[in-house]
Amino acid sequence: MKAFQKYKSSYYFPISLFFLILLLGISSCSTTKYVGDNEYLLNRVNVKTDDRSVPVSDLKKNIKQKSNLKILGMWRFHLGLYNLSGRNESKGFNKWLRRIGEEPIIYEDFQTRRSVKQLQLYMKKKGYYNAVIKDSVIYKKKKAKVYYNITANEPYRYSDLYHQLDDLPYAFLSPLQKDGEMSDSSLIRSYLNEDRIDSKIKTGNKVDSDVLSEERMRIFKMLKNKGYYNFSREYIHFMMDSTKKNHQMDIFVGLKAPQNKKAVKKYRINKVKVFTEYDPKLMLMNDSTYLADLDTLVHKNVEFIYQKKLKIKPDVILSSILIKKGALYKLTSVEQSYSRLQQLNQFKFLNIRFDEDLESASGEFGSLNCIIQLSPHNLQYYSFELEGTNSSGNIGFAGNLNYQHKNLFGGAEVLDVQLSTARENVKSDEQTNFSSTEYGVVSKLSIPKFLLPFFDAEKFRKSYNPRTVFSLSYNFQKRPDYTRTIADASFGYFWKSSKYLRHTFNLIELNFVDVRDLSDDFLGAIDNLYIQNSFTDHVIATTRYSVTYNDQNINIPRSYNYLRLSAEVAGNTLKTIDNIIGRSKRNDYDSNGKLEGTYHDFLGIRYAQYVKGDIEYRFNHYINRANNMVYRVFFGIGYPYGNLKVLPFEKSYFSGGANGIRAWQVRSLGPGSYVDEGATYPNNTADLKIEANLEYRFKLFWALEGALFLDTGNIWAISGKDDREGAEFQFKDFYRELAIGTGFGTRVDLNFILFRIDLGLKLRDPARTGSERWIITKRPFKFNQLTFNIGIGYPF
């Protein structure tokens, strides 16, 4: 009862009580409250097929009438909101409920007939020309259940593919030019034959109209990349013949005779013009002052048109343009030029257009003038941000003053400077709070080049358009238990090797960490010498590489994958230099003054030496516009050795908190089955981390979302010097030390920021022994067992 009273008096009890009453009210409403006489609520739509190779999810997209949205797989929450409203629609509250809710979907026989026709068309598109679709409807208690049963039957498959006129059993291909002018037509057909190995149409595969569309686009792009500027995809068509064949089809790729002969003519680039300060409005108005200020510079066969002064170096722009004078027109060169110019982050508007130059055209080739129109951003940008922060589950507020210069030295160098201050409320394991204050400055210079000595980066630059990044930062942190300053300098590269794949390679990263003013309580809580070593002054000199794959399209709601791999090594370069020059080592003494070993230093500070790597994979399964399921797994390991046989605190793994296993406070879980009874400030860290999360997210109303989650994982030590009982990782027993937590949460998505509240409940606690670890079955539920987490943004 005391626990309940404590919970009741807390500030989130009224919120929880409100939602509980609301949910009970929605549940109690009849789903057919607003279903009229002789009407039926569409209760369920079921689609079945006897061919498992046809995805049911794709079939359901062809259904013209779907039932009301559900959350948790069974609950029509949004319909319940609508049904909570009264009959008087003009009243404000009733109107609001109807706006945020979903009105009942009334079954219509007409929509069922439309769905059957659409399913029939879809099956034919996928090669099932003899598919049979049957529908049935079951009516019960003012509700209708619709069933679509599909008998696919044997599909048609591709037999032979023909491109050339001579291969065809009958001549349906019209010549592309008149008698005596077949060279261009023959050349196009030769390209098709040479390229047939890359064809999307494969013998034996099922006939599929989507594959034919992909093949049309592939042929279109291939010919556009061969110089056929005026060629259109509409000139490509397909004919299929199944005469006297057993569910087999020959397919013929046809080229329609274009009315415009220019469609089968190749084009070369005659001139390239770059308008660096293009103003669409002034050009449209034909502003005389604006036009009078324009000047021209010819550089490397490219004409630059600018106003008064050329503000960006011509070579920087040319390095992003793959359209060259005298070269054949190529669609990929145009697309890549668009992408590279956008990545310079210099222009708010850009356009590439081509004008035909009849005077420069030869008999064999047409001539194009390329005009690139660029409208620059403002060079300098200032902003001030006041934001909520979520640092590993600890909530606070931060203020940032940002400055950006987009073209510092005239070579598209982007300088970012940020001054920041933050105050954070940190929870200890005893649910007591204390404050943490932080100040910092970060400066970053990004250069659109691959700067690396003794390396020819020209080919690499043309392929991947990399950036070189220099960074300097300083951070001051003040906590009741210690004060820490971190100075950081780094030099590295960033590039994208494909649409979804990006790379970061920090060649050099130096961190100077100074720890002081450690409180007696804190030192007493970390009496383990191994852990104390991670809170000493140290230098971290790392080389780090990470690669990230992310196929998310923020404009299209669909499932997507996220994969990140990273690896870093620290201290080896400094160790090699020390060994080569024969520098003497310093003595290392423990807290009792006993000699423990020796070490090398850098600028008088001991440096860390370790290797570390981790992998994270997420899959966001899009179910429908109201429901998503998100899966995440993480594995990371760091191995300290040599000069400092402990991972620095900043590089160690921890668990718990708003972005980890939410039933535990941040840094209070593990390692392994280790129990630190007297810890006031939880700082549990280790060398290895395994974590998995499952989160079901669902839309409620307005900007409010709900979530149910299940988290599992832990951290472990792999160093023999860590003598914390139960902390060491044992492969045969690690699964016994996995923590499991569950819970529910709410989110408020305001588009520009997302606030999150999660309540976590421990199911399995590895700090206990044997069967006592499944604590969910060993103790009565109390509200104070819930771990309260506030976060900014989704946890993953």
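Conventions and cut-offs
Just so you know, the residues in each chain are numbered from 1, in the order the chain's sequence is written. The predicted nature of this model means local features are confined to residues of pLDDT at least 70 and side-chain atom pairs, given and counted, to a pLDDT of 80 or more, with totals for whole chains, interfaces and linings taken over all residues. Hydrogens and water molecules were not included; the side-chain quantities draw on all heavy atoms of the structure. Elements are defined by DSSP. Helices are runs of H or I of four residues or more, strands are runs of E of two residues or more, and each kind is numbered from the N terminus. Working definition: with a 1.4 Å probe on protein chains only, accessible area under 20% of the residue-type maximum means buried, over 50% means exposed, and in between means partly exposed. Accessibility throughout is a Shrake-Rupley quantity obtained with a 1.4 Å probe, and a residue counts as covered only by protein chains that appear here. We treat two strands as partners when DSSP finds at least two bridges between them. Comment: axis = line fitted to C-alpha atoms, over the contacting stretch for helices; angle = value between 0 and 180 degrees taken between N-to-C directions. Throughout, a residue-residue contact means that at least one pair of heavy atoms, one from each residue, lies within 4.5 Å. The definition of a nonpolar core used throughout is a set of buried Ala, Val, Leu, Ile, Met, Phe, Trp, Tyr and Cys residues joined through side-chain atoms within 4.5 Å. Take the number of residues in a helix, subtract one, and multiply by 1.5 Å to get its expected span.

A. Spatial organisation of the overall build of the chain. For the chain, the count of helices and strands is 16 helices and 31 strands. In the chain, which comprises 796 residues, the proportion classed as buried is 46%. For the chain, the computed accessible surface area is about 41600 Å², with 54% contributed by carbon and sulfur atoms.

B. Expanded view of the sheet that holds strand β2 (residues 132-140). Read across the sheet, 3 strands follow the order β1-β3-β2 without closing on themselves; strand pairing throughout is mixed. A single partner strand is all that each edge strand has here, and the edge strands are β1 (41-49) and β2. Between one strand and the next, the sheet's axes are offset by a mean angle of 15°, whatever the strand orientation. Examined bridge by bridge, β1 and strand β3 (residues 143-151) share 8 bridges and lie parallel to one another. Opposite Leu42, over in β3, you have Ala144 as the bridge partner. Taken strand by strand, helix α6 (residues 109-125) contacts β2 and β3, and its axis lies near 20° from that of β3.

C. Representation of the nonpolar core within the structure. One finds Val274, Ile317, Ile323, Leu341, Phe354, Ile372 and Leu374 to be the most contacted residues of the largest nonpolar core, which totals 26 residues. Of all elements in the fold, only β7 (266-275), β9 (302-307), α11 (314-318), α12 (331-343), β10 (347-356) and β11 (365-376) reach the threshold of two or more residues within this core. Sequence-distant contacts of Leu341, defined by excluding residues within four places in its chain, comprise Ile317, Ser320, Ile321, Phe347, Leu350, Ile372 and Leu374. If you look at the next biggest cluster of nonpolar residues, it comprises 25 residues, including Leu161, Leu212, Tyr228 and Tyr235.

D. α12, seen in detail. When the terminal C-alpha atoms of α12 are compared, their 19 Å separation across 13 residues agrees well with the 18 Å that a helix rising 1.5 Å per residue should span. Listing the buried residues of α12 in full gives Leu331, Ser333, Val334, Ser337, Arg340 and Leu341. Looking one or two residues beyond α12, the residue adopting positive phi is Asn345, at roughly 60°.

E. The arrangement of the sheet that holds β7 in detail. Read across the sheet, 5 strands follow the order β8-β9-β7-β11-β10 without closing on themselves; strand pairing throughout is mixed. For this open sheet the edge positions go to β8 (294-299) and β10, each flanked by a neighbour on one side alone. The sheet shows a mean angle of 25° between the axes of neighbouring strands, taken without regard to direction. Across 9 bridges, the pairing between β10 and β11 is antiparallel. If you follow Ile352 over to β11, its bridge partner there is Ile372. Relative to the sheet, α12 contacts β10 and β11, its axis offset from that of β10 by approximately 155°.

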